[in-house]
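Here is how the chains run, residue by residue.
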Amino acid sequence: MVETVLFVVFAITALGGAISMVWARNPVYSALGLMLTMFSLAVFYVSNAGHFVAVVQVIVYAGAVMTLFLFVIMLIGVDKDEDRSEDIPFQRPLTLILLGLFAGGVLVAGARAWTTGTVSPTEPVNGTIEAIGESLFGDWVLPFEVTALLLIIAAAGTIALAFFGGDDEEGGS
Amino acid sequence: MTVTPGWYMALAAVLFVIGAAGVLLRRNALVMFMSVELMLNAVNLTFVAAGRQLNLLDGQVSVLFVMVVAAAEVVVGLAIIVTVFRRRATASVDELAELKG
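Residues numbered from 1 in each chain as written. Chains lettered and ligands numbered in written order. Predicted model: local features only at pLDDT ≥ 70, side-chain atom pairs only at ≥ 80, totals over all residues. Heavy atoms only, no water.

**Some details on the domain arrangement of chain A**
The domain boundaries assigned to chain A delineate domain 1 (1-79) and domain 2 (128-165). If you average the C-alpha positions of domain 1 of chain A and of domain 2 of chain A, the two centres end up 23 Å apart. (Domains from an automatic or database assignment.)

The structure is reproduced here in structure tokens:
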């Protein structure tokens, strides 16, 4: 019962945030709508026994990523409205039709079966830090190391872009 | 009435479609980028719900990896957007048409 109420309330919140993100003319409102959706998703993670993932969602996404987005929005200006006229006349209806077909197909297929495969472990999943850590440093230790490499490469690339990317001469740096 | 994991996956599908609509319909590079983030988040919700349905923790571990990759992607992508803005003073993807044939 509690989960049903939580689902309905935060599903409406998440959908409202997502739609306002796509709809808003001002990018700041878009960022705030996305933040609302991310907080709602953290609630859904808690209802699905993903406690640690929910904490990481709030800290990394709502905290770090959206702050970065807001910084960049402030940096490159929010006052310019984009014009909403479309160069390709049929793009907007075609997009909506295709996406509607996609969503309808997924929902119809999901009404038959959302997951396939057999459920072998009997105890329900519980995403505590201990369980996640055992899995992360056991079965998943090699992907974990590779993500460290990925983060170093991303940081180095960002620093390189910040130092050499803004030169006026073509092919500079 | 109980909430099954399928409900969460249906919601995630709708959120994914909204994110895809944002990428296809908006032309502000920042808003398009936020829409990509929304699509990644929708897939994360699918991972967590499927992990609960199958009693596997691997779904939640996958979500952590998606978050790491998304964080790296955000950093590099925003750096590219800022670099383009420093050169062109625009964030609209329609004005970046050098590769147009």
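**Focus on the interface of chain B and chain A**
At the junction of the two partners, chain B supplies 71 residues and chain A supplies 86 residues. Both sides of the chain B and chain A interface together cover about 6900 Å² of buried area, and 73% of this is carbon and sulfur. Between chain B and chain A we count one salt bridge in total. For B:R52, the salt bridge is made with A:E3, and the minimal N-O distance between the two is 3.2 Å. On the surface where chain B and chain A come into contact, there are ten residue pairs in polar contact (both at pLDDT 80 or more). For the side of chain B that touches chain A, the elements supplying multiple residues, two or more each, are α1 (5-25), α2 (29-54) and α3 (58-88) of chain B. Per element, the largest residue contribution to the side of chain B that touches chain A is 24 residues, and it comes from α3(B). (Contact = heavy atoms within 4.5 Å. Buried area = accessible area lost by both parts, 1.4 Å probe. Salt bridge = Lys/Arg side-chain N within 4 Å of Asp/Glu carboxyl O. Polar contact = N/O pair within 3.5 Å; in protein donor to acceptor, adjacent residues only side chain to side chain. Helix = DSSP H or I, 4+ residues; strand = E, 2+ residues; numbered from the N terminus.)

**Here we look at the packing of aromatic side chains**
Under the definition given, this model contains nine aromatic pairs over all chains. Taken together, a centroid distance of 5.7 Å and an interplanar angle of 40 degrees make the contact between A:F7 and A:F44 tilted. You can see A:F7 sitting in helix α1 (residues 2-23) and its partner A:F44 sitting in helix α2 (residues 27-47), a full 37 residues away along the chain. By relative accessible area, A:F7 is classed as buried at 9%. With centroids separated by 5.7 Å and ring planes inclined at 55 degrees, the aromatic side chains of A:F69 and B:F33 adopt a geometry described as tilted. With A:F69 in helix α3 (residues 51-76) and B:F33 in helix α2, this pair bridges two chains. The pair A:F69 / B:F33 is uniform in exposure class, with both members buried. Put simply, the rings of A:F7, A:F44, B:W7 and B:Y8 pair up and form one aromatic cluster. (Phe/Tyr/Trp six-rings, centres within 6.5 Å; stacked < 30°, edge-to-face > 60°. Buried < 20%, exposed > 50% of the residue type's maximum accessible area, 1.4 Å probe, protein only.)

**Structural notes on the confidence of the model for chain B**
Residues and elements named next belong to chain B. For chain B, mean pLDDT is 88; residues scoring 70 or higher make up 97% of the total. Mean pLDDT across the elements of chain B ranges from a minimum in α3, with 90, to a maximum in α2, with 92. Interface confidence for the predicted complex, given as ipTM, is 0.89, next to a pTM of 0.89. (pLDDT = per-residue confidence, 0-100.)

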